[in-house]
Amino acid sequence: MNNNQSFTEGKILSPLLRFAIPVLLGIFLQTLYGAVDMLIVGQFSDAANVSGVSTGSWIMQTMTTVIVGLSMGTTIMLGQKIGGKQLDEAGDVVGASIYLFAVIGVTITVIMQFLAAPLASIMQAPAEAFDSTVSYIRICSAGSIFIVAYNVLGGISRGIGNSKIPLLTVAIACVINITGDLLLVAIFDMAATGAAIATTLSQGISVILSVIIIKRQDLPFVFSMKNISFKKSILQQVIELGFPIAFQDLLVCISFLAITAIVNSLGVIPSAGVGVAEKICGFVLLVPSAYMQSMSAFVAQNIGAKKPNRAKKALLYGILTSVIAGVFLGYFSFFHGDILVGLFAKDGAVITAAVDYLKSYAVDCLLVSFLFCFIGYFNGCGKTTFVMIQGIVGAFLVRIPVSYMMSRIVPVSLFKVGLATPTSTLLQIILCGIYFVMISKTSNKGLA
């Protein structure tokens, strides 16, 4: 079976879309996978448990985001090796990456058991929700090795131009998670703890499936267990590419964690409301998120093949098609957000708070259609240091200060607190536009 794609020849838009659609569906299922905990707990438990899942899932999402960022180093490097026909080195990239992330996964699994309570305190988890927050973090982090393994395998799949493997495995994991949530939360009334157990179990199964499926693939390079070893030069390059992405993603997540802490200090209702809204935002931002990942893989292969102009055209097509989806999703979220929120909460006060906060993300929905495509393009070009810098600027010069200032204005409006995000995105787009013009003035050789 061979579903791998080469992006260096022929048309641009159609192969980009064929690759992006499975990525989109995969992110949708992964977002659903995370949102199911909130949805089922919201329907069968109280606001305190909703708050616990909200805060706990943000912490776990932060950890996952860092791993995804690091694995982008593998995606970019593998894509460039394949695009440049350096197939002998591609197998070593995969093997060294597996070695690196295995060590990282075991380390995180152990450390997070000790950090659960301190992190809940730092996040100012409401007193009523503190125990459920700690329980959710500890149980989910026990499966950290599975989270790491899944995302590394997904990064490898995208690097070889195959976006269907992550889609298939997350689809099966999503079904298992939903089944587990319904059983443990709805029937056995285990609330946040039950949701965490179901999540961890489904993650383990998804990794096993990923390994089985990948072993049956016709890889475009030779790979065996001998490739899995410590290779300093390759690991250094993977880290050099992935660390800036992971670091900026970490800081962006920290900025959202700061917003969550600010909102948590306002009480359990605002905390639960923002938690619900954030889960919905994951769905609202699906299209630009899919383009960001797809653009990285597409551009990486073309940069490896010394075809920077083809990479630029992919960026243009990505922005145009992403904006169309952004307009629709932004409109629906702003004017009909109550329909979406009602799926996740039954408490009227929580619904009102969530709808108010969601409106600010509706504004952001159009803006990220530009930003995420730019980020995917720069990642594929290997310009990950700039990606890190623009992310830091947006998070710490705009998002955190603006959200804090808005939370101090009485009466507090969650819509105004949420406006920190689109304000940050606008600044980041400006920075990306300036940098794109700068590197466009260099030679094609310089872009590579």
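Residues numbered from 1 in each chain as written. Predicted model: local features only at pLDDT ≥ 70, side-chain atom pairs only at ≥ 80, totals over all residues. Heavy atoms only, no water.

Attention shifts here to the overall build of the chain. Along its length, the chain carries 16 helices and zero strands. The C-alpha atoms of the chain give 21 Å as radius of gyration, which agrees with the globular expectation for 448 residues (22 Å, within 12%). Seen through its principal axes, the chain has C-alpha atoms that stretch 55 × 45 × 35 Å. Of all 448 residues assigned to the chain, the portion counted as buried reaches 58%. Intrachain contacts of the chain at a sequence separation of at least 6 include 85% that bridge at least 24 residues. Counting every atom, the chain has about 17500 Å² of accessible surface; 71% of that belongs to carbon and sulfur. Distance between charge centroids for the chain: 15 Å, based on 26 positive and 18 negative side chains. (Helix = DSSP H or I, 4+ residues; strand = E, 2+ residues; numbered from the N terminus. Rg over C-alpha atoms; globule rule 2.2 N^0.38 Å. Buried < 20%, exposed > 50% of the residue type's maximum accessible area, 1.4 Å probe, protein only. Contact = heavy atoms within 4.5 Å. Areas by Shrake-Rupley, 256 points an atom, 1.4 Å probe, with all protein chains shown as cover. Lys, Arg positive; Asp, Glu negative; His and termini not counted. Charge placed at Lys NZ, Arg CZ, Asp CG, Glu CD.)

On inspection of all chains with the given rule, the structure shows twelve aromatic pairs. Ring centres of Phe378 and Tyr435 lie 5.3 Å apart, and the angle between their planes is 70 degrees; this geometry places the pair in the edge-to-face category. On the criterion of sequence distance, the pair formed by Phe378 in helix α12 (residues 348-380) and Tyr435 in helix α15 (residues 420-440) is long-range, its members being 57 residues apart. Taken together, the ring pairs connect Phe374, Tyr377, Phe378, Phe386, Tyr435 and Phe436 into an aromatic cluster. Across from the ring centre of Phe334, 5.5 Å away, lies the NZ or CZ of Lys359, which sits over that ring. (Phe/Tyr/Trp six-rings, centres within 6.5 Å; stacked < 30°, edge-to-face > 60°. Lys NZ or Arg CZ within 6 Å of the ring centre and 35° of its normal.)

With that settled, consider the packing of helix α9 (residues 268-284) against helix α11 (residues 308-341). The geometry of α9 relative to α11 is characterised by a closest axis approach of 11 Å and an angle of 135 degrees between their N-to-C directions. Of the possible angle classes, the one that applies to α9 and α11 is oblique. When the axes of α9 and α11 are compared, the crossing they make is right-handed. Every residue of α11 that contacts α9 at Val276, Ile280 and Val284 is listed here: Leu329, Ser333, Leu340 and Val341. (Axes fitted to C-alpha atoms, helices over the stretch in contact; angles between N-to-C directions. Parallel < 35°, antiparallel > 145°, perpendicular 65-115°, else oblique. Left-handed = near helix turned anticlockwise from the far one by under 90°.)

It is worth spelling out the environment of Val287 at this point. One can find Val287 in helix α10 (residues 286-304). Using a relative accessible area of 15% as the deciding quantity, one classes Val287 as buried. In the structure, Val287 is positioned 82 residues away from Ser369 in sequence and 7.9 Å away in space, judged by C-alpha atoms. Those residues in contact with Val287 that sit more than four places away from it in its chain are Leu24, Ser322, Ala325 and Leu329.

Right, let's get into the environment of Ser424. With respect to the secondary-structure elements, Ser424 resides in helix α15. Put simply, Ser424 and Gln390 are 34 residues apart on the chain and 9.9 Å apart in space, counted from C-alpha to C-alpha. Residues contacting Ser424, with those up to four places away along its chain left out, are Gly394, Ala395, Val398 and Arg399.

As enumerated under the stated definition, the model contains two salt bridges in all. One salt bridge in this structure joins Glu89 and Lys81, with 2.6 Å as the shortest N-O distance. Between Lys231 and Asp92 there is a salt bridge, and its shortest N-O distance comes to 4.0 Å. Taken together, the residues Lys231 in the loop between α7 (191-215) and α8 (232-264) and Asp92 in helix α3 (residues 87-122) connect sequence positions 139 residues apart. (Salt bridge = Lys/Arg side-chain N within 4 Å of Asp/Glu carboxyl O.)

Our focus in this paragraph is α10. Here α10 spans 28 Å end to end across 19 residues, near enough to the 27 Å set by a 1.5 Å rise per residue. Taking burial as the measure, the 19 residues of α10 include 18 buried ones, the bulk of the element. Directly after α10, the chain includes Lys306, whose backbone phi takes a positive value near 60 degrees. (Expected span 1.5 Å × (residues − 1).)

Tracing the chain through its elements places Thr421 in helix α15. You can call Thr421 buried: its relative accessible area is 3%.

Our next topic: the packing of helix α2 (residues 47-83) against α10. The geometry of α2 relative to α10 is characterised by a closest axis approach of 7 Å and an angle of 40 degrees between their N-to-C directions. Here α2 is positioned oblique relative to α10, judged by the angle of their axes. Between α2 and α10 lies a crossing of right-handed hand. Of the residues in α10, those in contact with Met72, Ile76, Gly79, Gln80 and Gly83 of α2 are Ser296, Ala300, Gln301, Ile303 and Gly304. A per-class count over the contact of α2 with α10 returns four nonpolar, six polar and no charged. (Nonpolar A, V, L, I, M, F, W, Y, C, P; charged D, E, K, R; others polar.)

The next subject is the state of the cysteines. Under the defined criterion, the tally for this structure stands at zero disulfides. Cysteine Cys140 remains unbridged, with the sulfur of Cys174 as its closest cysteine sulfur at 15 Å. Free cysteine Cys381: the closest other cysteine sulfur is in Cys432, separated by 12 Å. (Disulfide = S-S within 2.5 Å.)

Next up on the list: the confidence of the model for the chain. With 96% of its residues at a pLDDT of 70 or more, the chain has an overall mean of 83. For the chain, the element scoring lowest by mean pLDDT is helix α16 (residues 444-447), at 46; α15 scores highest, at 93. (pLDDT = per-residue confidence, 0-100.)

Attention shifts here to the environment of Val36. Along the chain, Val36 falls in helix α1 (residues 13-44). Classification of Val36 by relative accessible area gives buried; the value is 5%. Counting along the chain gives 158 residues from Val36 to Gly194, while the straight-line C-alpha distance between them is 12 Å. Excluding residues that lie within four positions of it along the chain, Val36 makes contacts with Asn177, Ile178 and Asp181.

Residue Pro411 is bonded to the preceding Val410 through a cis peptide linkage, with omega at 0 degrees. Within the fold, Pro411 resides in the loop between α13 (384-407) and α14 (414-418). Unlike most non-glycine residues, Asp189 shows phi in positive territory, near 55 degrees. Inspection of the secondary structure puts Asp189 in the loop between α6 (164-187) and α7. By relative accessible area, Asp189 is classed as exposed at 56%. Positive phi outside glycine occurs at Lys306, with the angle close to 60 degrees. We classify Lys306 as exposed; its relative accessible area is 61%.

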